[in-house]
Amino acid sequence: MTSSQLRNQPVQSDEEMSVSAWEENLRSAPYRSYLYSYPHKTAYRELDRKIPLQELWADEPAETFFLYMHIPFCGARCGFCNLFTLPDKRTGAHEQYVDALERQARQWAPHVAHKKFARFAVGGGTPTLLEPALLDRVFRIAEDVMGLDSAEASISVETSPETVTAERLDILQAHRVDRVSMGIQSFVDAEAAAIYRPQMPLVVEKALEQLKRYKFPILNLDLIYGLPGQTVDTWLYSLERALAYEPEEIFIYPLYTREHTIVKPEEIRQRGADIRMACYTAARDRLLAAGYTQYSMRRFAKESASSPKTLLPYGCQEEGMVGLGCGARSYTQNVHYATRYAVSRSATAGIIADYVAAERHDLIDYGFVLDEEERKRRFILKALLHREGLELASYARRFGTKALEDYPELNRLTETGLAEHVPGTGAGEDGSLFRLTDDGIALSDSIGDWFISPETRARMEGYTFA
């Protein structure tokens, strides 16, 4: 049975299911849903009323904000990609989009200027697909319009091998970028071709050599395991090639395919055995042996992976996220919102065209209003799925209740060895951490999917992809 079929089966409650059956249910399909944000974007809907920006941000309690700008263009869509992105290399289309981005920024800036930005990220798509002058303009919008101070904010940019040039890297360096992240996915030509990723080995090598010469504080490389035709040995070959460049960070992602991606789930099922867990375990052990620390199921980093700046503090809950651009998401404590979401080329192009044509961006009409139940679940998930774990006292301070009393089903994680209590300096529950073990971290995508609220799950499963 596939993971998607398993998720659609009638589900027993935790109370109805024995501990052993519950654990087997988790382990039977470890790759269910990559929950990097909660609630998931497929749970967003048209809001009951349009909410003015001033109302959303005036009382946002986050100490500092995170500024994110989304550039939804790439050279080609990879076979596994279900992100909001459009293959479009036309400079004219990029110029129109950046015009709209600046228009949106000028309308949003007055409503978020009361807090400093501790983080700034430019993602996509491929931001460095933009011509250098446009790429520089994106940073100037952040600095001159939004008020970003690059001396006190951590700044991250995504790139791809074919768009790495000296002129673009000069711009990133001039704007004090701390972290450059490049998706490689595989160093094996046949594996890259199987996911429709058009990259030449010499281009990848040249891009990595250039990035190393510029000495950005953090170089991150992305790799994917479970690709068509991949074996554990070829996966480790790609990992070794990445390690040869001594990146400060490496993210390893399991391959996910959906009905709306170019590579279909049935193409993966036809291979027979699922090697993803074997690949994950082999890579984890190799990265730990190479001196990397594991911070989540996906992120491994050296101790040296840090900015030389004195950075403003920012909470891991990602509240106070100001997302500019078509496809970007914004998070206040109570409301998450974005433009509409699509995957198909025609639907994505239509949403981008609407964004570019819009004169006003200061009324929010699409997203998710979080009640206390969802805020609690989000707080737990955002902490638990990272190595640092859930600080139970922090939960109690925010909500006035105890996490393990609100959600006693979490105790099943400790009963099965997937989580542990780590004593702190305080007494009892309030002075301890609740965190996943190594075994639990490996099952993050199953645990995260299990803890989604029934109401949000119903919204997600009721979403129709365009």
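Residues numbered from 1 in each chain as written. Predicted model: local features only at pLDDT ≥ 70, side-chain atom pairs only at ≥ 80, totals over all residues. Heavy atoms only, no water.

Peer 1: Can you walk me through the overall build of the protein in this structure?
Peer 2: When helices and strands are tallied, the protein shows 19 helices and 18 strands. Here the protein, with 466 residues, has 57% of them falling under the buried criterion. Restricting the contact set of the protein to residue pairs at least 6 apart, pairs at least 24 apart contribute 78%. Within the structure as shown, the protein displays about 19600 Å² of accessible surface, and the carbon and sulfur contribution to it stands at 51%. (Helix = DSSP H or I, 4+ residues; strand = E, 2+ residues; numbered from the N terminus. Buried < 20%, exposed > 50% of the residue type's maximum accessible area, 1.4 Å probe, protein only. Contact = heavy atoms within 4.5 Å. Areas by Shrake-Rupley, 256 points an atom, 1.4 Å probe, with all protein chains shown as cover.)

Peer 1: Even after reading the chapter, I still don't get the environment of threonine 128, so can you show me in this structure?
Peer 2: Along the chain, the position of threonine 128 falls in the loop between strand S5 (117-124) and helix H5 (132-145). Exposure remark for threonine 128: the relative accessible area of 1% places this residue in the buried category. Each C-alpha atom of the pair threonine 128 and threonine 159 lies 5.5 Å from the other, and the pair is 31 residues apart in sequence. When near neighbours in sequence (up to four residues on either side) are disregarded, threonine 128 contacts Leu135, Val157, Glu158, Thr159, Ser160, Thr163 and Arg168.

Peer 1: Please explain the sheet that holds strand S16 (residues 390-391) as it appears in this structure.
Peer 2: Strand order in the open sheet made by the three strands is S16-S18-S17, with antiparallel pairing throughout. Each end of this open sheet is capped by a strand with a single partner; those strands are S16 and strand S17 (419-423). The pairing of S16 with strand S18 (residues 432-436) spans two bridges and is classified as antiparallel. Opposite leucine 390, over in S18, you have phenylalanine 434 as the bridge partner. (Pairing = 2+ DSSP bridges.)

Peer 1: Would you mind going over the environment of alanine 43 with me for this structure?
Peer 2: Mapping alanine 43 onto the fold places it in the loop between helix H2 (19-28) and strand S1 (45-52). Relative accessible area serves as the criterion here: at 0%, alanine 43 is assigned to the buried category. The spacing of alanine 43 and arginine 459 is 416 residues in sequence and 5.0 Å in space, taken between C-alpha atoms. Once you skip the residues sitting within four places of it in the chain, alanine 43 turns out to touch Phe368, Thr456, Arg459 and Met460.

Peer 1: What is the right way to look at the packing of helix H9 (residues 232-243) against helix H11 (residues 276-289) in this model?
Peer 2: Describing two packed helices takes the angle between their axes plus the distance from one axis to the other. Direction vectors running N to C along H9 and H11 enclose 30°, while the axes themselves pass 10 Å from each other. Classified by the interaxial angle, the pair formed by H9 and H11 is roughly parallel. Seen along the crossing, H9 lies across H11 with a hand that is right-handed. Contact with H9, carried on its side by Val232, Trp235, Leu236, Leu239, Glu240 and Leu243, involves Ala278, Cys279, Ala282, Ala283, Arg286 and Leu287 of H11 and no other residues of that element. (Axes fitted to C-alpha atoms, helices over the stretch in contact; angles between N-to-C directions. Parallel < 35°, antiparallel > 145°, perpendicular 65-115°, else oblique. Left-handed = near helix turned anticlockwise from the far one by under 90°.)

Peer 1: Any chance you could explain helix H19 (residues 454-461) here in plain terms?
Peer 2: In an α-helix, one full turn covers 3.6 residues, which means residues spaced three or four apart are oriented alike. All of the buried residues in H19 are Thr456, Arg457 and Met460. Considered in projection along H19, the buried side chains sweep an arc of 100° and stay on one side of the axis. Opposite the buried face of H19, at more than 90 degrees from it, the exposed residues are Pro454 and Glu455. (Arc of directions from axis to C-beta.)

Peer 1: What exactly am I supposed to notice about unusual backbone geometry here?
Peer 2: Across the chain, the bulk of peptide bonds are trans and the bulk of non-glycine residues have phi less than zero. Tyrosine 38 connects to proline 39 through a cis peptide bond whose omega is -5°. By the element assignment, proline 39 lies in the loop between H2 and S1. The amide bond that connects glycine 124 to the next residue, glycine 125, takes the cis arrangement and shows omega of 15°. Positive phi, close to 60°, is recorded for arginine 176, a residue that is not glycine.

Peer 1: What am I meant to see in helix H12 (residues 345-357) here?
Peer 2: The end-to-end C-alpha distance of H12 is 18 Å, a good match for the 18 Å that 13 residues give at a rise of 1.5 Å each. Of the positions making up H12, those classed as buried are Ala347, Thr348, Ile351, Ile352 and Tyr355. Angular distribution of buried residues about the axis of H12 spans 135°; they occupy a single face of the element. Set apart from the buried face of H12 by more than 90 degrees, the exposed residues are Arg345, Ser346, Asp354 and Ala357. Elements that come into contact with the buried residues of H12 comprise strand S3 (73-74), strand S4 (86-87) and helix H4 (91-112). (Expected span 1.5 Å × (residues − 1).)

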